[in-house]
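A look at the structure
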Amino acid sequence: MYRHFGEVDAAEESPLYARVAVALSESDEALRAIEAAPARKRHPTVILAALHDLALAGRAPAVAAAYAAADCDAAARAAIDTLLQMADSVVAIAVRRKLRTNETGRCAVLYPAIAEAARRVGASAVGLIDVGCSAGLNLNLNVDRVGITYSNGQSLGDPSSPVQLSSSIVGDRPLPTRAMPEVVARVGVDLDPVDVTDADDARWLRACLWPDQPERIARLDAAIALAATAPPLLLRGDPVDLLPDAFARVPADALPVVTTTWALSSFRLESRLRFWRRLEEAAAGRAVAWVSAEGVGVAPSIPTLGDRRASGHSIIGLAVLDRSAVRAEAVGRCWSRGALLAWLADSSGPVRVGSSEPPR
């Protein structure tokens with residue numbers, strides 16, 4: 001697994017991690033140390049993140065120095081030595097922490113879909129509720145505060161934001177140009193939410209990045225700083241169980257918009273269906289919306305457009321629920337967690353919310 005990661009997965013993106021992973025694969029002692037971790041925590045990305053965390057915390061100075069110098073051979077030696085000397089610490093971090101992917105590109109998908117949801121109900125304010133927010137560094141909850149430039153020349157969001165993102169448009173249909181209305185509530189719901197104002201949490205987010213990718217590191221640091229200026233309300237626990245509490249935190253005159261970005265795939269089917277029922281229950285008293293970016297067939301009630309599950313892209317879903325009426329549709333496709341986006345919906349004319357169909 002480590003040799004494959006080094007020779008294939010990291011070969012082009014991170015020469016440093018490619019060298020370290022191959023070196024670990026060639027060290028019987030290092031592999032035995034890694035085997036002390038539970039099987040699900042032995043993956044190279046997890047163990048390397050744990051080593052990186054020690055380096056960032058000042059507990060593995062040789063690793064830190066080699067990473068800073070981008071010295072691949074020195075990094076390989078330091079990683080093996082540190083793993084052998086601090087195996088218990090590496091395993092403890094790997095067991096306690098969950099790998100964070102930190103793709104800021106999801107904002108390029110969310111912004112136009114949230115603005116479209118508000119248009120469809122005539123909302124002048126929205127409350128954002130992000131389910132599985134820890135995976136997105138809570139930037140989902142600050143989507144209105146970033147700037148996004150698309151390859152077709154369109155731009156959305158705040159052009160003066162310290163966080164500037166880009167996304168490539170696939171196809172010839174333009175994105176809706178409507179700006180997102182005022183955000184009056186930001187609520188994150190997760191079993192283990194990330195608090196960017198906590199030094200350990202922020203360091204772990206950095207540790208999950210590969211150390212020889214300075215552009216991604218700079219983008220993450222800007223995102224952390226932005227999120228820290230307006231920390232959202234974080235609810236810790238089962239996301240489905242906590243949804244009613246999250247809805248209650250959104251003012252009555254604002255549209256609650258639930259967002260899920262590659263979060264529901266970790267839910268069992270029964271939990272996904274319960275999630276949908278929670279939306280229906282909330283919609284009994286007010287209009288609610290759900291914006292999703294999930295794998296094909298993962299999001300309940302969102303059409304798959306006839307796409308195959310293993311197609312390599314995700315469906316952007318938009319569901320608007322208001323009492324007994326539901327309109328759920330696929331408004332786009334995206335690839336590489338928002339790096340490429342194809343908008344499909346007609347966002348120009350009036351919208352009529354139709355009758356509800358049961359989740360499939």
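Since the structure is predicted, the reported quantities are computational estimates derived from the model, not experimental observations. (Residues numbered from 1 in each chain as written. Predicted model: local features only at pLDDT ≥ 70, side-chain atom pairs only at ≥ 80, totals over all residues. Heavy atoms only, no water.)

Regarding the side chain of E116
We apply this condition: A run of H or I in DSSP counts as a helix once it spans at least four residues, and a run of E counts as a strand once it spans at least two, with each numbered from the N terminus. Partly exposed describes any residue whose relative accessible area lies between the buried limit of under 20% and the exposed limit of over 50%, with all areas from a 1.4 Å probe on protein chains only and scaled to the type maximum. By definition in these notes, contact holds between two residues if any of their heavy atoms fall within 4.5 Å.
Mapped onto the secondary structure, E116 falls in helix α8 (residues 106-121). Owing to a relative accessible area of 1%, E116 belongs among the buried residues under this scheme. Apart from the residues within four sequence positions on either side, E116 is in contact with P176, L318, W343, D346 and S347.

A short note on helix α6 (residues 72-85)
Let me state the cut-off plainly: Given the number of residues in a helix, its expected span is that number minus one, multiplied by 1.5 Å. Distance and chemistry together define a polar contact, namely a pair of N or O atoms within 3.5 Å, with one atom able to donate a hydrogen and the other to accept it when in protein, and with adjacent residues in sequence counting only for side-chain atoms on both sides.
If you check α6, its first and last C-alpha atoms are 20 Å apart, about what 14 residues at 1.5 Å a residue would give, namely 20 Å. Where α6 is concerned, the buried positions are A74, A75, A76, A78, A79, I80, T82 and L83. Residue D71 occupies the N-cap position of α6, its side-chain oxygen lying 3.3 Å from the main-chain nitrogen of D73.

Things to note about the packing of aromatic side chains
To be explicit about the condition: Note on aromatic contacts: the rings of Phe and Tyr and the six-membered ring of Trp form a pair at centre separations within 6.5 Å, being stacked when their planes are under 30 degrees apart, edge-to-face when over 60 apart, and tilted otherwise.
Applying the stated criterion across every chain yields a total of five aromatic pairs. Plain terms: the ring middles of Y17 and Y67 are 6.1 Å apart, the flat faces sit at 65° to each other, and that makes the pair edge-to-face. Remark: Y67 occurs in helix α5 (residues 61-69) and Y17 occurs in helix α2 (residues 15-25); sequence separation between them is 50 residues. Each member of the pair Y17 and Y67 is classed as buried. Through successive ring pairs, a cluster of aromatic residues spans F5, Y17, Y67 and W210.

Regarding the pairing of strand β9 (residues 314-322)
Filter applied, for reference: A pair of strands is treated as paired once DSSP finds two or more bridges between them.
By the criterion of burial, β9 is predominantly enclosed, with eight of the nine residues buried. Relative to strand β10 (residues 325-335), β9 runs antiparallel, the two sharing nine bridges. In the sheet register, L321 faces β10, and the bridge partner there is V326. Linking two consecutive strands that pair antiparallel, namely β9 and β10, is a turn of two residues; a positive phi of about 55° is found at R323 within it.

A word on α2
When you tally the buried positions in α2, you get nine out of 11 residues, the bulk of the element. Among all positions of α2, only L16, Y17, A18, V20, A21, V22, A23, L24 and S25 are buried. On its buried face, α2 is in contact with α1 (2-9), α3 (28-34), α4 (44-56), α5, α6 and α9 (199-207).

Points about the sheet that holds strand β6 (residues 233-236)
Test applied: Whenever a helix is involved, its axis is fitted only over the stretch in contact; in every case the axis is a line through C-alpha atoms, and angles between N-to-C directions fall within 0 to 180 degrees.
What the 11 strands build is an open sheet, ordered β3-β2-β4-β11-β10-β9-β8-β7-β1-β5-β6; its pairing is mixed. Both edges of this open sheet fall to β3 (155-157) and β6, since each of them pairs with a single strand only. Along the sheet, successive strands turn relative to each other by an average axial angle of 25°, direction set aside. For strand β1 (residues 125-131) and strand β5 (residues 182-190), the ladder comprises seven bridges, and the chain directions are parallel. Within β5, the residue paired with L128 across the bridge is R186.

A few points about the pattern of salt bridges
Applicable threshold: Think of a salt bridge as a Lys or Arg side-chain nitrogen and an Asp or Glu carboxyl oxygen that are within 4 Å of each other.
Summed over the entire model, instances satisfying the criterion amount to 21 salt bridges. The partner of R19 in a salt bridge is D73, and the shortest N-O contact between them spans 3.0 Å. Here the residue R19 occupies a position in helix α2, and D73 occupies one in helix α6, the gap between them amounting to 54 residues. What makes R19 partly exposed here is its relative accessible area of 31%. Among the salt bridges present, the one from R97 reaches D201, with a minimum N-O distance of 2.8 Å. Residue R97 is found in the loop between α7 (87-96) and α8, and its partner D201 is found in helix α9; the two are separated by 104 residues along the sequence. In this structure, R97 and D201 share a single accessibility class: buried. Linked by salt bridges that have partners in common, D238, D241, E270, R274, R278 and E281 make up one network.

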